[in-house]
Amino acid sequence: MKVTIVGAGNVGATCADAIAYRRIASEIVLLDIREGFAEGKALDIMQTQTTLGFNTKVSGSTNDYSKTAGSDVVVITSGIPRKPGMTREELIGINAGIVKSVAESLLQHSPNAIVVVVSNPMDTMTYLTLKATGLPKNRVIGMGGALDSSRFKTYLSQALDKPANDIHGMVIGGHGDTTMIPLTRLAAYNGVPVSEFLSAEKLDKVAADTMVGGATLTALLGTSAWYAPGASVAYLVDSILNDQKKMIPCSVFLEGEYGQSDICIGVPCIIGKNGIEKIVDIDLNADEKAKFAKSADAVRAMNADLKSVLA
Ligand SMILES: NC(=O)c1ccc[n+]([C@@H]2O[C@H](COP(=O)([O-])OP(=O)(O)OC[C@H]3O[C@@H](n4cnc5c(N)ncnc54)[C@H](O)[C@@H]3O)[C@@H](O)[C@H]2O)c1
Ligand SMILES: O=C(O)C[C@H](O)C(=O)O
């Protein structure tokens, strides 16, 4: 199975590394516009083969899309990341043009690929990709919820002082500092609701920390995060290529689910060989429904800025 990752920067290269190391694909192509950059990252990853023990072929390309031909999955990480103090939404002006042209070039060479969108503002970039390419909605998947949920579970495990892998939980809604919705009511420690162990105040703090998880890392690092984002993309790609049918919150085009239409936003999805195999329409309570509607309003307002790009 062949995966192309466009953008060989922090997230793209980390994602390639995780996919190779975990033997998720047999071939990975990294592509970047910066001369020699993707080739360098690919060569560096290839030189971990003998010490880490994998056989995935990783190659790089400077903007030559012919090398990406026949990819099963393509991942778009190209574009600029935010700096401390910025929101993801401020990246739209530069990233929209990049994402649109990259998606079109990818599909010319891999017409059957499933597209995973990572560049920010991710929900709007996913909507743009869907509209610009005309692909069926099961083949355009925005990655954000997998990452936000991993942060949510990490913060829960720290508050509970229990192993993160014993914790289950999901974050839905937009992938934004104020739009994501950690579902604290449904989070569980080995099947037991976390509210049995944590006070409402502690749960509120976990939710608040989760929502600004990306901003916290951006402030610490001077640019946005890459280890957890790269690993989250690999987790999603694994579920596609190996038809695992995992339930992962992803940004997908809604047609009535969760009371929303004509928008890409994070909801739980079954992810398998066809991409989005099913949108899981869970029963939210009144508070969660109100938060979801508000989140969708914010994402929709951002999508309105795409008019000139989509014209
Ligand atoms: N959805 C998520 O959960 C999530 C998580 C982390 C980062 N991000 C987003 O991913 C994007 C990349 O972040 P990063 O930290 O890897 O940034 P980065 O600057 O390290 O890497 C971006 C790469 O894209 C390349 N690029 C720019 N324009 C290109 C084009 N037209 N064609 C090919 N390559 C091009 C650049 O040369 C650079 O190497 C940002 O928009 C960031 O906000 C999203
Ligand atoms: O925070 C960012 O801007 C990058 C990414 O969306 C993240 O959540 O790490």
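Just so it is clear, the model here is predicted, and its values are computed rather than measured.

Peer 1: Which residues make up the packing of aromatic side chains, and what values do they have?
Peer 2: With the rule as written, the count across this model stands at 3 aromatic pairs. One Lys or Arg, Arg34, reaches over the ring of Phe37 and ends 3.9 Å from the middle of that ring.

Peer 1: Can you lay out the domain arrangement of the protein for me, pointing to particular residues and giving the numbers?
Peer 2: Taken domain by domain, the protein comprises domain 1 (2–144) and domain 2 (145–310). With centres defined by C-alpha atoms, the gap from domain 1 to domain 2 works out at 21 Å. Contacts between the two partners involve 44 residues from domain 1 and, on the opposite side, 56 residues from domain 2. Here domain 1 packs against domain 2, burying approximately 4,000 Å² in sum over the two surfaces, 67% of which is carbon and sulfur. At the junction of domain 1 and domain 2, the tally comes to 6 salt bridges. Our count for the contact surface shared by domain 1 and domain 2 stands at 16 residue pairs in polar contact (both at pLDDT 80 or more).

Peer 1: Before we move on, can you summarise the site of ligand 1 with the specific residues and values?
Peer 2: Taken together, 27 residues are adjacent to ligand 1, and Asn10, Val11, Asp32, Ile80 and Met143 come closest. Here a nitrogen atom of ligand 1 and a backbone polar atom of Ile33 are 3.5 Å apart. Contact distances for ligand 1 include 3.2 Å between an oxygen atom and a side-chain N or O atom of Asn95. Protein burial of ligand 1: of its 860 Å² of free accessible surface, 88% is covered by the chains. Taken together, the elements giving at least two residues each to the shell around ligand 1 come down to α1 (10–21) and α4 (92–109). In terms of residue count, α4 provides more of the shell around ligand 1 than any other element does, 3 residues in total. Of the residues in the shell around ligand 1, the class split is 15 nonpolar, 11 polar and 1 charged. Counting contributing residues, the shell around ligand 1 receives three or more from each of domain 1 (2–144) and domain 2 (145–310).

Peer 1: So what's going on with the site of ligand 2? Residues and values would help.
Peer 2: Around ligand 2 sit Arg82, Arg88, Asn120, Leu147, Arg151, His175, Gly214, Thr218 and Ser224, and that is every residue in its neighbourhood. Between an oxygen atom of ligand 2 and a side-chain N or O atom of Asn120, the distance comes to 2.9 Å. Take Arg151: an N or O atom from its side chain is 2.7 Å from an oxygen atom of ligand 2. Look at ligand 2: alone it shows 260 Å² of surface, and the protein chains cover 94% of it. Among the secondary structure elements, those contributing two or more residues to the shell around ligand 2 are α6 (145–160) and α8 (213–221). Along the lines of polarity and charge, the residues of the shell around ligand 2 split into 1 nonpolar, 5 polar and 3 charged. When residues of the shell around ligand 2 are assigned to domains, at least three map to each of domain 1 (2–144) and domain 2 (145–310).

Peer 1: Run through unusual backbone geometry, naming residues and quoting values.
Peer 2: Geometrically, the link from Asn120 to Pro121 is a cis peptide bond, its omega value of -5° lying close to zero. Counting through the fold element by element, Pro121 comes out in the loop between β5 (114–117) and α5 (122–133).

Peer 1: Explain α1 residue by residue, including any values.
Peer 2: If you check α1, its first and last C-alpha atoms are 16 Å apart, about what 12 residues at 1.5 Å a residue would give, namely 16 Å. The element α1 is extensively covered by neighbouring structure, given that 9 of its 12 residues are classed as buried. Along its buried surface, α1 packs onto β1 (2–6), β2 (27–32), α2 (37–46), β3 (57–62) and α9 (227–241). Arg23 sits one or two residues past α1 and shows a positive phi near 55°.

Calculation criteria
Residues numbered from 1 in each chain as written. Chains lettered and ligands numbered in written order. Predicted model: local features only at pLDDT ≥ 70, side-chain atom pairs only at ≥ 80, totals over all residues. Heavy atoms only, no water. Phe/Tyr/Trp six-rings, centres within 6.5 Å; stacked < 30°, edge-to-face > 60°. Lys NZ or Arg CZ within 6 Å of the ring centre and 35° of its normal. Domains from an automatic or database assignment. Contact = heavy atoms within 4.5 Å. Buried area = accessible area lost by both parts, 1.4 Å probe. Salt bridge = Lys/Arg side-chain N within 4 Å of Asp/Glu carboxyl O. Polar contact = N/O pair within 3.5 Å; in protein donor to acceptor, adjacent residues only side chain to side chain. Near = heavy atom within 4 Å. Areas by Shrake-Rupley, 256 points an atom, 1.4 Å probe, with all protein chains shown as cover. Helix = DSSP H or I, 4+ residues; strand = E, 2+ residues; numbered from the N terminus. Nonpolar A, V, L, I, M, F, W, Y, C, P; charged D, E, K, R; others polar. Expected span 1.5 Å × (residues − 1). Buried < 20%, exposed > 50% of the residue type's maximum accessible area, 1.4 Å probe, protein only.

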